[in-house]
2 protein chains.
Amino acid sequence: MELEKIEGGVTAPKGFRATGVSCGLKEGGYKDLGLIYSEIPCDVVGAFTSNKVKAAPVRLSMMRMGNKISAVIANSGNANCVTGKQGESDAIRMTGLTEQFLELPEGSALVASTGVIGENLTMDRVEYGIEKVCRMIKSENNVANFANAIMTTDTRQKNHACEFKLGESTVRIGITCKGAGMIKPDVQMFHATMLVFITTDISMQKTLLHDALKEALEYSFNRISVDNDTSTNDTVLLLSNGAAENAVIEEENDDYRVFVKALTELCMASAKAVVKDGEGANKIVKVEIKHALTISDAKKIARAIADSYLVKTAVFGNSPNWGRVLAAIGYSDAKFDIDRLIFSINGFAVLEKGEPNRANIAKASAEMIQNEITFTVDLGVGYKEYYVWTCDLSYDYVKINAHYIS
Amino acid sequence: MELEKIEGGVTAPKGFRATGVSCGLKEGGYKDLGLIYSEIPCDVVGAFTSNKVKAAPVRLSMMRMGNKISAVIANSGNANCVTGKQGESDAIRMTGLTEQFLELPEGSALVASTGVIGENLTMDRVEYGIEKVCRMIKSENNVANFANAIMTTDTRQKNHACEFKLGESTVRIGITCKGAGMIKPDVQMFHATMLVFITTDISMQKTLLHDALKEALEYSFNRISVDNDTSTNDTVLLLSNGAAENAVIEEENDDYRVFVKALTELCMASAKAVVKDGEGANKIVKVEIKHALTISDAKKIARAIADSYLVKTAVFGNSPNWGRVLAAIGYSDAKFDIDRLIFSINGFAVLEKGEPNRANIAKASAEMIQNEITFTVDLGVGYKEYYVWTCDLSYDYVKINAHYIS
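Residues numbered from 1 in each chain as written. Chains lettered and ligands numbered in written order. Predicted model: local features only at pLDDT ≥ 70, side-chain atom pairs only at ≥ 80, totals over all residues. Heavy atoms only, no water.

Novice: I'd like to hear about the relation of the copies chain B and chain A, residue by residue, with values.
Specialist: By a simple turn and slide, chain B fits onto chain A: the slide is 0.0 Å along the axis, the RMSD is 0.0 Å, and the turn is 180°. Taken together, the rotation angle and the small translation identify this as a two-fold axis. If distances are taken from each C-alpha of chain B to the rotation axis, the shortest is found for Y395 of chain B, at 2.7 Å. Taken together, the interface assignments show that 100% of the residues at the interface of chain B recur at the interface of chain A, consistent with an identical surface on both copies. (Least-squares fit on C-alpha atoms with pLDDT ≥ 70 in both. Contact = heavy atoms within 4.5 Å.)

Novice: I'd like to hear about the domain arrangement of chain A, residue by residue, with values.
Specialist: All names here are of chain A. You can read the domains of chain A as domain 1 (4-276) and domain 2 (284-403). Each of domain 1 and domain 2 has a C-alpha centre, and the two are 33 Å apart. Opposite the 19 residues of domain 1 that make contact, domain 2 presents 16 residues. Of all residues in domain 1, R223, S225 and K272 bury the most surface against domain 2, accounting for 36% of the area lost on that side. Taken together, the connections running from domain 1 to domain 2 amount to two salt bridges. Between E372 and K272 there is a salt bridge, with its nearest N and O atoms 4.0 Å apart. Remark: the boundary between domain 1 and domain 2 carries seven residue pairs in polar contact (both at pLDDT 80 or more). When residues of the side of domain 1 that touches domain 2 are traced back to their parent elements, those giving at least two are strand 9 (224-225) and helix 6 (254-276). (Domains from an automatic or database assignment. Buried area = accessible area lost by both parts, 1.4 Å probe. Salt bridge = Lys/Arg side-chain N within 4 Å of Asp/Glu carboxyl O. Polar contact = N/O pair within 3.5 Å; in protein donor to acceptor, adjacent residues only side chain to side chain. Helix = DSSP H or I, 4+ residues; strand = E, 2+ residues; numbered from the N terminus.)

Novice: Break down the packing of aromatic side chains for me, with residues and values.
Specialist: All names here are of chain A. A complete count under the given rule lists nine aromatic pairs over all chains for this structure. Here F343 and F375 contribute two aromatic rings whose centre-to-centre distance is 5.5 Å and whose plane-to-plane angle is 70°, an arrangement assigned as edge-to-face. In this pair, F343 is assigned in strand 12 (residues 342-345) and F375 in strand 15 (residues 372-378), connecting sequence segments 32 residues apart. Its relative accessible area of 0% is what places F343 among the buried residues. Assessed through its relative accessible area of 4%, F375 is described here as buried. Of note, K286 hangs over the ring of Y387, and the distance from its end group to the ring centre comes to 4.8 Å. (Phe/Tyr/Trp six-rings, centres within 6.5 Å; stacked < 30°, edge-to-face > 60°. Buried < 20%, exposed > 50% of the residue type's maximum accessible area, 1.4 Å probe, protein only. Lys NZ or Arg CZ within 6 Å of the ring centre and 35° of its normal.)

Novice: Tell me about the sheet that holds strand 11 (residues 284-292) of chain A, and please be specific about residues and values.
Specialist: Residues and elements named next belong to chain A. Here we have seven strands laid out as an open sheet, ordered 9-16-11-15-12-13-14, and mixed in their pairing. With one partner strand each, in any of the chains shown, strand 9 and strand 14 (355-356) form the two edges of the open sheet. In the sheet, strand 13 (residues 348-352) pairs with strand 14 via two bridges, with the strands oriented antiparallel. Across the sheet, the residue bridging to E352 is E355, located in strand 14. On top of the sheet, helix 7 (residues 295-307) reaches strand 9, strand 11, strand 15 and strand 16 (384-391); it is set at about 15° to strand 16, its chief contact. (Pairing = 2+ DSSP bridges. Axes fitted to C-alpha atoms, helices over the stretch in contact; angles between N-to-C directions.)

Novice: Provide a residue-level description of the environment of F146 of chain B, including the pertinent values.
Specialist: Residue and element names in this part refer to chain B. Inspection of the secondary structure puts F146 in helix 4 (residues 143-149). The spacing of F146 and G380 is 234 residues in sequence and 47 Å in space, taken between C-alpha atoms. Residues in contact with F146, not counting those within four places in the same chain, are V10, A18, T19, G20, G34, L35, I36, T176 and F197.

Novice: Explain the sheet that holds strand 12 (residues 342-345) of chain B to me, using residue names and the numbers behind them.
Specialist: All names here are of chain B. The strand order across the open sheet built from seven strands is 9-16-11-15-12-13-14, with neighbouring strands paired in mixed fashion. Looking at strand neighbours, the two that pair on one side only are strand 9 (224-225) and strand 14 (355-356), the edges of this open sheet. Here helix 10 (residues 358-367) sits on the sheet and contacts strand 12, strand 13 (348-352), strand 14 and strand 15 (372-378); the angle it forms with strand 13, its principal contact strand, is near 135°.

Novice: So what's going on with the pattern of salt bridges? Which residues, and what values?
Specialist: Residues and elements named next belong to chain A. This structure, assessed with the given rule, holds 38 salt bridges over all chains. Between R59 and E88 there is a salt bridge whose closest N-O contact spans 3.4 Å. Separated by 29 residues along the polypeptide, R59 in helix 1 (residues 56-63) and E88 in helix 2 (residues 84-102) bring together distant segments of the chain. The partly exposed category is assigned to R59, whose relative accessible area is 35%. Salt bridges linked by common partners bring D154, R156, K158, K178 and D277 together as one network.

Novice: Can you explain unusual backbone geometry? Please cite residues and give values.
Specialist: Notably, N80 of chain A is not glycine yet its phi reads approximately 45°, a positive angle. Looking at where N80 of chain A falls in the secondary structure, it is placed in the loop between strand 4 (69-78) and helix 2. The phi torsion at K353 of chain B lies on the positive side, around 55°, for a residue other than glycine. Looking at where K353 of chain B falls in the secondary structure, it is placed in the loop between strand 13 and strand 14. For K353 of chain B, a relative accessible area of 51% puts it in the exposed group.

Novice: With reference to specific residues and values, describe the state of the cysteines.
Specialist: Residues and elements named next belong to chain A. Taken as a whole and assessed by the stated rule, the structure comprises zero disulfides over all chains. Unpaired in this structure, C42 has its nearest cysteine sulfur neighbour in C134, at a distance of 15 Å. Looking at C42, the relative accessible area reads 1%, which means it is buried. Lacking any disulfide linkage, C81 is separated from the closest cysteine sulfur, that of C23, by 19 Å. (Disulfide = S-S within 2.5 Å.)

Novice: Break down the confidence of the model for chain A for me, with residues and values.
Specialist: For chain A, the average pLDDT comes to 91, and 95% of its residues sit at 70 or higher. For chain A, per-element mean pLDDT is lowest for helix 11 (residues 395-403) of chain A, which scores 78, and highest for strand 2 (residues 16-21) of chain A, which scores 98. (pLDDT = per-residue confidence, 0-100.)

Novice: Report on the packing of helix 7 (residues 295-307) of chain B against helix 9 (residues 322-330) of chain B, specifying residues and quantitative values.
Specialist: All names here are of chain B. In the contact formed by helix 7 and helix 9, the axes pass within 8 Å of each other and the chain directions differ by 135°. As summarised for this structure, helix 7 and helix 9 are arranged oblique, according to the angle between their axes. Along this stretch, helix 7 crosses helix 9, giving a crossing that reads as right-handed. Packed against helix 7, whose contacting residues are I301, A304 and I305, the element helix 9 presents V325, A328 and I329 at the interface. (Parallel < 35°, antiparallel > 145°, perpendicular 65-115°, else oblique. Left-handed = near helix turned anticlockwise from the far one by under 90°.)

Novice: Describe the side chain of T376 of chain A, listing the residues and the values that go with them.
Specialist: Along the chain, T376 of chain A turns up in strand 15. A distance of 2.9 Å separates the side chain of T376 of chain A from the side chain of E288 of chain A, its partner in a polar contact.

Novice: How would you summarise the interface of chain B and chain A if you had to cite specific residues and measurements?
Specialist: Opposite the 54 residues of chain B that make contact, chain A presents 54 residues. Roughly 4,500 Å² is buried in total at the junction of chain B and chain A, and carbon and sulfur atoms are behind 58% of that figure. Run the count over chain B and chain A and you get zero salt bridges. Where chain B touches chain A, the interface holds 16 residue pairs in polar contact (both at pLDDT 80 or more). Mapped by element, the contributors of at least two residues to the side of chain B that touches chain A are helix 2 (84-102), helix 8 (309-316), helix 9, strand 14 and helix 11 (395-403) of chain B. Top element by residues in the side of chain B that touches chain A is helix 11 of chain B. It accounts for seven residues. Its residues placed into classes, the side of chain B that touches chain A shows 24 nonpolar, 20 polar and 10 charged. (Nonpolar A, V, L, I, M, F, W, Y, C, P; charged D, E, K, R; others polar.)

Printed below as a string of structure tokens:
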């Protein structure tokens, strides 16, 4: 398969437009209200936070997963969460106004919000903004403005897109996402960890779209870790408008596999971008587990290491503190035999079968200054593998979260 | 019951001596090798880390829980963990030398270590130190030296002791503990979270001593949280030499209840001292859950809040970021009904039955500058309660753990 990276994030696929405006939810005139629009009504599948405290926009969008969708309105600066009955009616009003200004049928807009929890939206600003962004989308197609409008503590936009051939048709997939903190992977489908908007112009049955998203998430957004907090607002939406006019995919054929592969690769690139832009993060660490007896053991160990604040602070300090990694393996609740285990940093085995390797520890120490580091735990007992991407924990994480209201 | 606080930590009970020396495991000449000694051989009960990677001294001490114990040798600066066969023989040698220099029977000394993981002990220094501390204990009884000798990133000694009357006899309990990071509570008996040495001169059957320690730990050291990492070396030891010569307690009578109450109060004071001295900590937060349907729900919610790094950074920033508390409740895996839940900060209800209380939020904000803060989650559905003490997460936590090798 030829998979070509292209520009444009969510606006790359045919028929999708997006832009963003400032309406005053964020201080300083930054963009804070974004809109995705497709002239052709879309099939939509989604994944939402597993947090039992779900924000009003999450609950509303979840209810609309059966509808044909033409627009997604998204704001940053306020999560519209734990906002009582007012929050519910505000979320409904956001979609209602979007539908009204774009002349769409009722129930064909979705909504996503991110920012402070517990504050009601300043609805006069939001209403002004929705009118403005709906007017602008007719003349402006600007993914950068959309990407900026959904950022909170993110330091950069995260847009990815690709195209590939299915028969005579060119199919495109685009992702624009945000997420920097309150990031914890969750293994269940329909649970995600940030705002991820995915568009595609492929023609495919909705149940297959669902399966494709599930598989792509499993290898990407569900394998990252920034902190240990699962947000109340996490949303992944995949919108498909069929504008590529490929032969409709109705079964798990070769075309389906091509799409899943493309979607997975794009989601992996986006997920890594989220970790790299983690709050205060300077480094990305791939924690890979090999030769486990069960996937469950591999996952437990990968996550214990990736979520350990002592491991993450050591990475920040360029410290080859592999003892902390072993401590995390030890409390991971997975079965292992330390006499078979090999732990390596960038390929240098520092612990082999219960004994430290002093020569390799010196080499591994030198590797810790790299921006991308791989920790490998070879359990030596089976054939299952798993990996998680994590980042370091720095002063800036504390700074951002001590003083940022989210 | 009259419970009187007294000085002396582990040396307060009759017949116990302790001191500490410097042998060069820590840089800068700080004390790093401590000894507790009782002329009368003691019954001992203990609780040890649940981490599957257990340090050599932990494994050795666990094996000796059935023995009569006269001495505990403890070092800081090196955890003697993941040190292979050399580590095992070093731990045995530490107890063997202690027994030799104090002329004790084989198997009557215990050992505990704390510090860097994965480095072998510099045994010539340790051997020199053991000879020195065994010689000194004959003329010197200095709990401050012992307490200093077991400190790592601790900023202060943690000594507590009390005495009370049982009939005509005066009974004493003393605790000297250390612990500042790698602190995560664990609910199971025989699992603990730091080095805690408890001495008492009470006469009590060993099985009752065990039950008493279990109950005291449940309300104290198992209810604290600094970070989310469970150490490889955590050890709680309770040594009882019977020197108070009270009527031997052989059943759960009134004297037993008095002892349990005194032990629990002392453990609670020590546990709070550990949280207050948490790595980089400035504040202590009591997270209390009320009116839960089950203890399990109450525990899950208390721990999710106490372990949330977003909550802890907000506390550091004096930010009344109660939305993050609600997010933690939401991902806690406990059952609750947000329409019945009341969340309060120092008594000011900021969320009542799904709706924010704006007037109280302003009052709660003002409370966040306090050094001791109480978060109360009233679930409004039952009669179960639980609490956890936690601390804030500061720049200094990152600083200490980025550059301290442990």
